[in-house]
Amino acid sequence: MGKAAVRQGTLALMVLQCLDVLGPQHGYGIARRIEQTSGDLLSINHGTLYPVLLKLEQEGSIASDWGVSENKRKAKFYRITRAGKKQLRAETREWQQTSGIMARFLALREEAE
Amino acid sequence: MRPLRRFWKRLVGSFSGGRHEPALAEEIEAHLQLLTDHHIAMGLSSDDARRAARLEFGHIEPAKELYRDQLGFPLLRNLGRDLRFACRMLRREPAVSIPAILVLALGIGAATALYAVVYAMWLRPLSYPDSQQLVSVTTYFAAYKIDALGSGDYGTWQGTRALGPLAAYNIDVAGLSAPGETIEVHRGQISGNLLDVLRVSPSLGRPIQPADDHPQSPRVVMLSDRIWREQFGADPSVIGRSTRMDGEAYTITGVLPPAFRMPGGQRVVLLTPLALRESWLRHGGAMKILYGVARLEPGVSIEQARAELSDRLAISRAQDPQIYRDDVSLRIIPLHDYAVRDSRSVALLLASAVILILLVAGANVAGLLVARAAGRVHEMSIRRALGASAARIAGHLLTEGLTIGVLGIAAGLAVAFTLVALLPRIPSVGVDVITLNPSIVTAAIAASLLCSLGFSLMPVLPLPRLRVRRALVAGELALSLTLAIAATLLIQNLAKLNSIAPGFRVDQLVTASINLSGTRFANTPNELRRELRRRLEATPGFTSISFADSLPPSGAGRITAFSRAGRPLPDAYRRDRVVVRSVDSDFFRSMGIPLLSGRTFTERDQSGAGLFAVVNRTLADRYFAGENPIGHQVDGDGNPWKTIVGVVADTRNDGLRNPARPEIYLPLTAEPARGGGITRRSGVVVVMPTAGDPDAAATMFREHLRAIDAGLLAHVQTMDEEWRGLQSGPRFQVIVFSGFAGLALLMACTGVYGVLSHMVVLRRREIGVRMALGARPVDVQRLILREAFLLALAGAAIGLAGAVAGSRLIESLLYEVNARDPLTLASSSAVLVALAICASLLPAWRASREDPAQTLRAE
C-alpha cells in the first residue's frame with residue numbers, strides 16, 4: 001500500500017490539532033508532525049501547507065509571529081487562537097460523527113453481503 | 001463570522017500588490033533549510049540533502065501561486081494587473097487612446113446633455129403624490145381648436161363612479177399691487193378641491209378650500225414660494241394679511257411649496273379660487289373655459305372613466321346651446337401626457353438623436369479598438385504561446401476597452417455638465433429647468449457602460465477584423481446620414497417658416513395689450529384710448545398709433561360662425577368659423593395691411609353711425625367667389641347685419657403655420673357683436689409704428705401709461721419679438737440637430753479614414769505587387785477610393801432607409817417640408833459620399849506612394 005494523499009479539507013483540521021497539542025510551531029514542524037502522526041502513511045507536499053496556513057490565519061483561527069527555530073534559523077511560528085480552538089472542537093465533533101456514520105454504513109454493507 | 005472575516009482579508013489582500021512576496025519567500029526558504037538540516041542529520045551530503053528537501057517540499061512556484069490565490073481574489077488580482085497593463089498601453093499608444101476617449105467624451109457628453117433636455121421636456125415625473133392616478137379631463141372643440149373643459153361640464157360631471165372629485169383650473173394674468181408698483185403676474189384660478197385632488201399641502205398656512213370657492217366667499221389668495229420670498233421677504237406672518245390684486249383686497253391664506261406647478265406644467269405666482277357664479281356651472285348658458293383634473297378611483301381604468309364620462313358628455317351636449325354641440329369629443333388622458341403634450345414630438349426626435357449619437361461614438365471607438373487588436377496579432381500569439389488562456393486574453397482586451405470607456409464617461413460627464421450650463425443661454429430652448437440630476441447621470445453612465453461593453457467586446461469576438469471595421473464604419477455613415485437628413489429638413493423648415501410673410505408690418509412696430517380689469521377704465525376703455533392718443537401723438541417718434549381689441553398672429557380674437565345676409569342659414573353651426581376683430585380707422589395703415597378694394601373705416605364709422613365691415617381676402621374668395629363682396633352684408637346672426645365696405649389683404653391670423661382664416665374687421669367703437677363665439681383675449685390693444693428705436697418707444701409708452709394710472713398693466717413688446725418668438729422652437733431644433741449631425745459626420749469620417757488606413761496597411765503587399773507589375777499611382781489611388789465609395793454607398797443606403805423609416809417622427813415638426821423629399825435625401829447622401837471620399841484621400845495618396853521594392857522586401 002502506497003502513501004495516501006491528503007483528503008480535501010482535512011489538512012486544516014490536522015494543522016489545528018497539531019498546534020493545539022504541540023503549541024506554537026513553524027511550517028516545517030507542522031508538516032513533520034503530520035507525517036509522523038500518520039505513521040508515515042500520509043504524504044504531503046510541504047508546499048501545500050502554506051495556502052492552508054494562510055487561509056486559517058485569514059479566518060482568525062491561527063496567528064503567526066516570526067521567531068528563531070531550534071537550529072537558530074529565522075522562522076514563522078504559528079499558534080492556535082481562541083477562535084481556532086473553538087473551531088477545532090466543532091470540526092472534531094463533526095468529523096467524528098461523519099466517520100462514525102461512515103463506519104456504520106460500511107459495516108452494514110458487509111453484513112448485507 | 002469566519003467567512004466574513006476571511007472575505008474581508010482576501011479583499012484587502014487583492015490589492016496588497018505583492019507586499020507579501022518577500023515574507024513568503026523567506027518562510028519557504030526557512031522551511032527548505034530546516035528540511036535540509038534534517039536530511040544532513042540523517043547522513044546525506046549537503047547537496048543531496050538540499051535536493052531531497054526540494055523533493056519533499058514539492059514545486060515551489062505552484063505552491064506560491066496557490067498561496068497568492070488564497071491571499072486575494074484571483075479575479076480581482078487579474079483585474080488589477082490588467083488595469084495596470086491597460087493604462088500602460090493607453091499611455092504607449094496615444095494615437096488610439098486619445099481619439100477614442102475624445103470621441104467618447106463628445107458622444108457621451110452630447111448625448112447626456114440632450115437626454116437632460118428630453119428629461120426636462122418629457123420624462124420628468126409630475127411632482128404630485130401618486131401622480132399616475134391623475135388624469136386630465138377636457139373636451140376638444142374641433143371647430144375652435146380648443147381643448148378645454150366647459151364650466152357647465154365641470155359643474156355637472158361631479159360624483160362619477162370612475163373618478164374622484166373633478167377639479168378645474170384656469171390661468172390668467174393679474175395685477176398684483178406690490179410696494180410702489182403693480183406687477184403683472186400669472187395667476188392660477190382653481191376650484192376649491194384642486195389642491196386636495198392633487199394632494200398638495202401648503203408649506204405655510206392653509207390651502208384654498210371648497211368653502212373659498214363661492215362668489216360670496218371672502219377673497220383669498222395663495223402665494224408661490226418665489227413671490228413670497230421676493231416680494232414678502234419670506235415673512236411667515238404674511239398669513240392672514242391683506243394684499244391687493246386688480247383693485248380688490250385679498251387675504252393671504254397660504255404659501256405653496258417651491259416645486260408647485262399647475263397640472264398643465266405651468267408655473268404661477270398666485271392661486272385664487274375660481275368662485276364661479278351658479279349660472280356658469282349649469283348647462284344651457286354661457287360657458288367659461290377651464291381645464292379639468294381628477295384622480296381615478298382605485299382599480300378603475302382610464303377606459304372605464306372614458307366610458308362613464310362619454311355618457312355624461314352626451315347628456316350635457318343635449319342641454320348645451322347648439323354652438324357647443326358639434327365636433328366635441330371627450331379627452332381623458334393621463335395628466336403627465338397632458339402636461340407634456342406639446343413637447344412630445346420634439347422630445348421623441350431628440351431622444352432618437354441621443355441614441356444615434358451614442359451609437360456612432362460607440363461604433364467609432366469599436367473601430368479604433370478593432371484596428372488596434374489587428375495590429376497586435378503578434379503580441380497576442382506570443383501571449384498564447386506563453387500559456388495565457390483565451391479567456392485571460394479576452395479579459396485583458398475587455399479591460400482595455402472598458403478602461404477607455406470609463407475614462408470616456410468621466411470626460412463625457414464633464415462635457416455634459418458644461419453643455420447643460422450653456423444650454424439655457426440659447427434663448428429658445430423652451431425648457432425652463434435643465435439639470436443633470438442623479439437619475440439622468442445614472443442613466444447616462446449605464447447607457448455609456450453598455451455601449452463601452454459593446455465596443456470592448458468587438459476586438460474579442462472571433463470575427464474577421466477588417467470586415468467588422470467596414471461594417472462599423474458603414475453603420476456610422478448610415479447613422480450620421482440619418483442625423484444629417486434630420487438637420488437638413490429642420491433647416492429647410494426654419495427657412496420656410498422664415499419666409500412666411502406675416503401680411504402685416506413686423507419691423508418698427510410696438511404693440512401693447514392693456515389689462516383693464518379692476519382699474520378705473522374697466523367700463524370706459526374709450527377714455528383710456530383718448531388719453532393715450534392725446535399723450536402719444538404729442539410725443540415725437542410715434543407716427544400713427546391705432547387701437548384694436550386683438551392682434552394677429554397669435555390666433556387671439558373673437559371667433560364666430562360666418563353668416564351672410566340673403567342666404568339661407570341651414571345648419572347654423574356647421575359653418576366655418578371666422579375671426580372677428582374690432583379696429584379703429586387707422587389700424588390698417590398702422591399695421592401695414594394693404595387695402596385691395598373699397599375703403600377702410602372712417603372716423604364716422606367709429607362713432608357707430610353705420611354698421612360696416614371690412615373683410616380679408618380669404619373671406620372674400622371663399623364666400624364671394626366670382627362676386628364683388630362690397631355692398632353685401634355679413635355677421636348678422638343674432639346681431640345687426642354689417643355691410644362690407646372694403647377688402648384687405650390676408651394676415652397670418654391663426655398662428656405661424658396655419659393659413660389665414662376668414663376674417664371680419666368691425667369698427668372698434670361700434671356696438672360689439674353678440675351671439676356666440678369665443679373671445680380669447682380682451683382689453684385695449686395699442687399699435688404703435690415707430691420711427692426710431694422700438695425699444696426706446698416701448699419704454700416711453702410704459703412711462704405714459706404709468707403717468708395715466710400706476711395701476712394699469714400692459715404687456716408691451718415689439719411685433720418683431722412676437723413674430724420671432726413663434727420661430728424659436730424650430731430654431732432650437734436646428735441648432736441641436738446641426739450640431740449633432742456635424743459631430744456624427746466628423747466621427748464617421750474619422751472612421752472612414754481609419755478603416756482605409758488599416759486596409760492600406762493590410763494590402764501593402766498586394767499593392768506592392770500591383771505596382772511592381774506596372775500599376776500607376778493613380779490606379780492604386782482608384783483602388784482605395786473605390787473602397788471608400790462602396791462603403792459610403794452602403795452607409796447611404798442604410799441611412800436612407802433609416803431616414804425614411806424615421807420620417808414620421810419628424811413630420812409633425814415640419815411646415816410645408818416633405819420629410820421624404822427626394823431632393824433632400826439625394827443631396828444629403830451625395831454630401832455623405834463626398835465626405836467619405838475626402839476622408840479617404842490621404843490613405844489613398846499614402847498607398848500610391850509606397851515603394852514596391854521596399855514593401856516586397858519587407859514581407
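What counts, and at which threshold
- Residues numbered from 1 in each chain as written.
- Chains lettered and ligands numbered in written order.
- Predicted model: local features only at pLDDT ≥ 70, side-chain atom pairs only at ≥ 80, totals over all residues.
- Helix = DSSP H or I, 4+ residues; strand = E, 2+ residues; numbered from the N terminus.
- Buried ≥ 20, exposed ≤ 12 C-beta atoms within 10 Å, placed from the backbone.
- Contact = placed C-beta atoms within 7 Å.
- Nonpolar A, V, L, I, M, F, W, Y, C, P; charged D, E, K, R; others polar.
- Expected span 1.5 Å × (residues − 1).
- Axes fitted to C-alpha atoms, helices over the stretch in contact; angles between N-to-C directions.
- Parallel < 35°, antiparallel > 145°, perpendicular 65-115°, else oblique.
- Left-handed = near helix turned anticlockwise from the far one by under 90°.
- Pairing = 2+ DSSP bridges.
- Core = buried A, V, L, I, M, F, W, Y, C linked by C-beta atoms within 7 Å.
- pLDDT = per-residue confidence, 0-100.

Draft legend 1. Representation of the overall build of chain A. When its secondary structure is counted, chain A shows four helices and three strands. In chain A, buried positions account for 29% of the 113 residues. Nonlocal contacts in chain A, meaning residues at least 24 apart in sequence, comprise 49% of its contacts between residues at least 6 apart.

Draft legend 2. Representation of the overall build of chain B. What chain B contains, in helices and strands, is 28 helices and 23 strands. Burial status across chain B gives 41% buried among its 859 residues.

Draft legend 3. Seen up close, the interface of chain A and chain B. At the junction of the two partners, chain A supplies 19 residues and chain B supplies 22 residues. Of all the elements in the fold, those that place two or more residues in the side of chain A that touches chain B are α2 (27-37), α3 (49-59) and β3 (74-80) of chain A. Residue contributions to the side of chain A that touches chain B peak at six residues, all from α3(A). For the side of chain A that touches chain B, the residue count by class is five nonpolar, nine polar and five charged.

Draft legend 4. A look at helix α25 (residues 777-805) of chain B. Residues and elements named next belong to chain B. In a regular helix each residue adds 1.5 Å, so 29 residues correspond to 42 Å; α25 covers 42 Å between its end C-alpha atoms and thus fits that length. Taken together, the buried positions of α25 are Val780, Ile784, Glu787, Ala788, Leu791, Ala792, Gly795, Ala796, Gly799, Leu800 and Ala803. Where α25 is buried, its residues meet α16 (465-499), α23 (728-762), α24 (764-772), α26 (807-811) and α27 (822-848).

Draft legend 5. Summary view of the packing of α2(A) against α3(A). Residue and element names in this part refer to chain A. The interhelical angle for the contact between α2 and α3, taken along N-to-C directions, is 110 degrees, at an axis separation of 11 Å. It follows that α2 is roughly perpendicular to α3 by the angle criterion. For α2 against α3, the interelement crossing comes out right-handed. Of α3, the residues touching α2 (which contributes Gly27, Ile30 and Ala31) are Leu49, Tyr50 and Leu53.

Draft legend 6. Structural view of the environment of Ser131(B). Residues and elements named next belong to chain B. Structurally, Ser131 is set in the loop between α6 (94-123) and β1 (134-141). Of the residues examined, Ser131 has 17 C-beta atoms within 10 Å and is grouped as partly exposed. Spatially, the C-alpha atom of Ser131 lies 8.6 Å from that of Arg295, the residues being 164 residues apart in sequence. With near-sequence residues (within four places) excluded, Ser131 lies in contact with Pro125, Leu126, Leu335 and His336.

Draft legend 7. Structural detail: helix α13 (residues 377-385) of chain B. Taken across its nine residues, α13(B) has zero buried, putting it largely on the surface. Positioned one or two residues after α13(B), Gly387(B) has a phi angle of 105 degrees, which is positive.

Draft legend 8. Looking closely at the sheet that holds β3(A). All names here are of chain A. What the three strands build is an open sheet, ordered β1-β3-β2; its pairing is antiparallel. Looking at the sheet topology across the chains shown, the edges are occupied by β1 (25-26) and β2 (62-68). Sheet topology places β2 next to β3; seven bridges connect them, and they run antiparallel. Residue pairing across strands places Val68 opposite Lys74, the latter belonging to β3. Packed onto the sheet, helix α1 (residues 10-22) meets β1, β2 and β3 and runs at close to 95 degrees relative to β3.

Draft legend 9. The pairing of strand β22 (residues 684-689) of chain B, seen in detail. All names here are of chain B. Burial analysis of β22 places six of its six residues in the buried class, the great majority of the element. Because side chains alternate across β22, one face comprises the buried residues Val684, Val686 and Met688, and the other comprises Val685, Val687 and Pro689, equally buried. Judged from the six bridges that link them, strand β12 (residues 509-515) and β22 form a sheet pairing that is antiparallel. Across the sheet, residue Ile514 finds its bridge partner in β22, namely Val684. Pairing of strand β13 (residues 546-548) with β22, which is carried by three bridges, proceeds in the antiparallel orientation. If you follow Phe547 over to β22, its bridge partner there is Val686.

Draft legend 10. Quick look at the nonpolar core. Residue and element names in this part refer to chain B. Among the nonpolar cores identified, the biggest contains 101 residues, and Leu114, Ile357, Leu477, Leu483 and Ala744 are the most heavily contacted of them. For this core, the leading source of residues is α6, giving 20 residues. Among all residues touching Leu114, those that are not within four sequence positions of it are Leu350, Ala353, Val354 and Val736. Core analysis: the next-biggest nonpolar cluster, separate from the first, contains 53 residues, Phe521, Phe612, Val684 and Met719 among them.

Draft legend 11. Examining the confidence of the model for chain B more closely. All names here are of chain B. On average, chain B scores 84 in pLDDT, and the residues at 70 or more come to 93%. Contacts of residues 670-681 to residues separated by more than four positions or lying in other chains number 29 contacts, the stretch itself having pLDDT below 50. Interface confidence for the predicted complex, given as ipTM, is 0.86, next to a pTM of 0.69.

Draft legend 12. Quick peek at unusual backbone geometry. Residue and element names in this part refer to chain B. Cis rather than trans, the peptide bond between Pro552 and Pro553 has omega equal to 5 degrees. Tracing the backbone through its elements, the reader meets Pro553 in the loop between β13 and β14 (558-561). Despite not being glycine, Asp130 shows a phi value in the positive range, around 45 degrees. For Asp130, a count of 10 C-beta atoms within 10 Å puts it in the exposed group. The phi torsion at Gln508 lies on the positive side, around 55 degrees, for a residue other than glycine. Structurally, Gln508 is set in the loop between α16 and β12. You can call Gln508 partly exposed: it has 18 C-beta atoms within 10 Å.

Draft legend 13. Structural context of the packing of α6(B) against helix α15 (residues 438-460) of chain B. Residues and elements named next belong to chain B. Across the interface, α6 lies against α15 with an axial gap of 10 Å and an inter-helix angle of 140 degrees. The orientation of α6 relative to α15 falls into the category oblique. As for how α6 packs across α15, the hand of that crossing is right-handed. Across the interface between the two elements, Ile108, Thr112, Tyr115, Ala116 and Tyr119 of α6 pack against Ile440, Ala443, Ala444 and Ser448 of α15. The class makeup of the residues in the contact of α6 with α15 is seven nonpolar, two polar and no charged.

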